[in-house]
Amino acid sequence: MYSKKIGSLVYGLCTETNALRSANIKGSSSSETAIRVLSSWTVCKHQRYHSLQSKPHDKCDSQPSTLWNIRPQAPSVRQVSHTTLDPGEVKKFQSLADKWWNQQGEFGALHSMNDLRVPFIRDNLLSIHGSRRLGSPLAGLRILDVGCGGGLLTEPLGRLGADVLGIDPVEDSIRTAELHGSFDPQLRRHVRYRACTLEELAQEEDPEAGMGSEGFHAVVASEVVEHLADLDVFASCCHQVLKPGGSLFITTISKTNLSYALGIVAAEQVLGIVPSGTHDWEKFISPVDLERLLEASGFQVESIRGMLFNPLSGSWCWAQSTAINYALHAVKRSEEPQPDRAHADNEEPEHETLSRAAASGQN
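Criteria and cut-off values
Residues numbered from 1 in each chain as written. Predicted model: local features only at pLDDT ≥ 70, side-chain atom pairs only at ≥ 80, totals over all residues. Heavy atoms only, no water. 1 Å grid on protein atoms, 1.4 Å probe; cavity = no way out; pocket = protein on both sides within 12 Å on 5 of 7 lines; lining within 4 Å. Points joined across faces, edges and corners; volume = space filled by probe spheres on them. Helix = DSSP H or I, 4+ residues; strand = E, 2+ residues; numbered from the N terminus. Nonpolar A, V, L, I, M, F, W, Y, C, P; charged D, E, K, R; others polar. Contact = heavy atoms within 4.5 Å. Buried < 20%, exposed > 50% of the residue type's maximum accessible area, 1.4 Å probe, protein only. Core = buried A, V, L, I, M, F, W, Y, C linked by side-chain atoms within 4.5 Å. Pairing = 2+ DSSP bridges. Right-handed = clockwise from strand over helix to strand, strands pointing away. Expected span 1.5 Å × (residues − 1). Phe/Tyr/Trp six-rings, centres within 6.5 Å; stacked < 30°, edge-to-face > 60°. Lys NZ or Arg CZ within 6 Å of the ring centre and 35° of its normal.

If you walk through the whole model with that rule in mind, you get two cavities of 30 Å³ or more. Taken as a whole, the second largest cavity spans an internal volume of roughly 30 Å³. Around the second largest cavity sit Phe120, Ile121, Val220, Ala221, Ser222, Phe249, Ile250 and Thr251, which together line it. Elements with a minimum of two residues in the lining of the second largest cavity: helix H5 (108–129), strand S6 (216–222) and strand S7 (242–253). A class-by-class count of the residues in the lining of the second largest cavity yields six nonpolar, two polar and no charged.

Examined against the element boundaries, Leu328 turns out to sit in strand S10 (residues 325–332). Sequence spacing of Leu328 and Val301 is 27 residues, and the spatial spacing of their C-alpha atoms is 7.5 Å. Ignoring sequence-local partners within four residues, the contact set of Leu328 consists of Phe120, Leu248, Phe249, Ile250, Leu290, Leu294, Val301, Ser303 and Ile304.

This brings us to unusual backbone geometry. For Glu223, which is not a glycine, the phi torsion comes out positive at approximately 55°. For Glu223, a relative accessible area of 13% gives the class buried.

Glancing now at the nonpolar core. Formed by 35 residues in total, the largest nonpolar core has its most connected members in Leu125 and Ile143. At the level of elements, H5, helix H7 (171–181), strand S5 (191–194), S6 and strand S8 (299–310) are the ones that each hand at least two residues to this core. Per-element accounting of this core gives the leading share, eight residues, to H5. Once residues within four sequence positions are removed from consideration, Ile143 is found in contact with Leu125, Leu138, Leu157, Ala162, Asp163, Val164, Leu165, Phe216, Ala218 and Val220. Grouped together as the second largest cluster of nonpolar side chains are 34 residues, Leu144, Leu165, Ala221 and Ala330 included.

The subject of this paragraph is the pairing of strand S3 (residues 142–146). Taking burial as the measure, the five residues of S3 include five buried ones, the bulk of the element. Residues of S3 alternate between two faces, with Arg142, Leu144 and Val146 on one and Ile143 and Asp145 on the opposite face, all of them buried. Summarising the sheet, S3 and strand S4 (residues 163–167) pair through five bridges and their orientation is parallel. Paired with Arg142 across the bridge in S4 is Asp163. Taking the sense of rotation as the criterion, the β-α-β connection linking S3, helix H6 (residues 154–159) and S4 turns out right-handed. Of the pairings in the sheet, the one linking S3 to S6 comprises three bridges and is parallel in character. Each bridged residue has a counterpart across the sheet, and for Ile143 the counterpart in S6 is Ala218.

As a further point, take helix H11 (residues 257–270). Over its 14 residues, H11 extends only 16 Å from the first C-alpha to the last, a length that falls short of the 20 Å expected when each residue adds 1.5 Å. Most of H11 sits inside the fold, with eleven of its 14 residues counted as buried. What H11 keeps buried is the set Asn257, Leu258, Ser259, Tyr260, Ala261, Leu262, Gly263, Ile264, Ala266, Ala267 and Glu268. Looking one or two residues past H11, Gly272 carries a phi angle of roughly 70°, positive in sign.

Here we take up the packing of aromatic side chains. Inspection of every chain in the model, using the stated rule, returns six aromatic pairs. Look at Trp100 and Phe107: their rings are 3.9 Å apart centre to centre, the planes differ by 10°, and that puts the pair in the stacked class. Phe107 carries the same exposure label as Trp100, and that label is buried. With 6.0 Å between their ring centres and 80° between their planes, Phe120 and Phe249 make a pair best called edge-to-face. On the criterion of sequence distance, the pair formed by Phe120 in helix H5 and Phe249 in strand S7 is long-range, its members being 129 residues apart. For the pair shown, Phe120 and Phe249 are each scored as buried. Three or more aromatic residues joined by ring pairs form one cluster here, namely Phe93, Trp100 and Phe107. The lysine or arginine in question, Arg142, covers the ring of Phe216, its NZ or CZ lying 4.3 Å from the ring centre. One residue, Lys255, lies across the ring of Trp281, its end atom 5.1 Å from the ring centre.

Set out below in structure tokens:
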């Protein structure tokens, strides 16, 4: 019964969006343009570029411009707490620590998300590093899985040959992950777990702290950033633990009224796909705002793809729209811009300028 309701809801909302998009190609307002941007990744890519060039880099999240006024609209400001750890989130996941590997339970949607996120991570890493070994394409790569929970994503990355460290502040979740991984002797050679926060690990990876490390080729934070206390600290720590040119992979939920309708009202309160209270809409972040934050932290965003969950089949697929879920791949810039040096490189020695001017006069 509920599956039919949510299926009708998704179909109805998507149909309304498509109809509006077709009807407003000409003479559209800025509000309608924002809706079309969310409905088309091709348009969204160009719109994100212009937004990043024109908008100031502040810490205020602009309110989404959408049709469905489902909940009170009030300007929101990201909290600055100087830590990624949110005690409320830790307590929430503490109660679910023994349920990670129940594919029909609270984390069933995360199990099925592996069909998208594992190839997304694998293919982007292969495009950068190339295949290392037949049957183990990610062999030799070090990957950090932030907020690994019970190891749902950590294990398949380890089976691809990568050396993966999964970290999570919930100790019971780490114990669940270690117990599940212990049944596969081959996996134990590639996967390790540790109960700690990202900033604690970053401090150890900091060469200035006397505990230098070779760094990670990739950091993965899948369905994590919407549970963190401070995204600026998160981005800074990811940048710190990555090698130059290293990859950052994120999957999360966009901050739109549609994501509130489907991600919270439908998924939590109607269908029970995830436990009620799992998500806080105020912590969601749009692709534009996340890209702006990452760019300011030394990353170059390479790609963003929309994701859509089908509650009828329990499966995920790629989508043009980034209005609900999306995946992002960013790369740590190898060298920060040096304006003075760039200016010096562009300056031509005076004697060469005079010589060229003289030659032009003779011609």
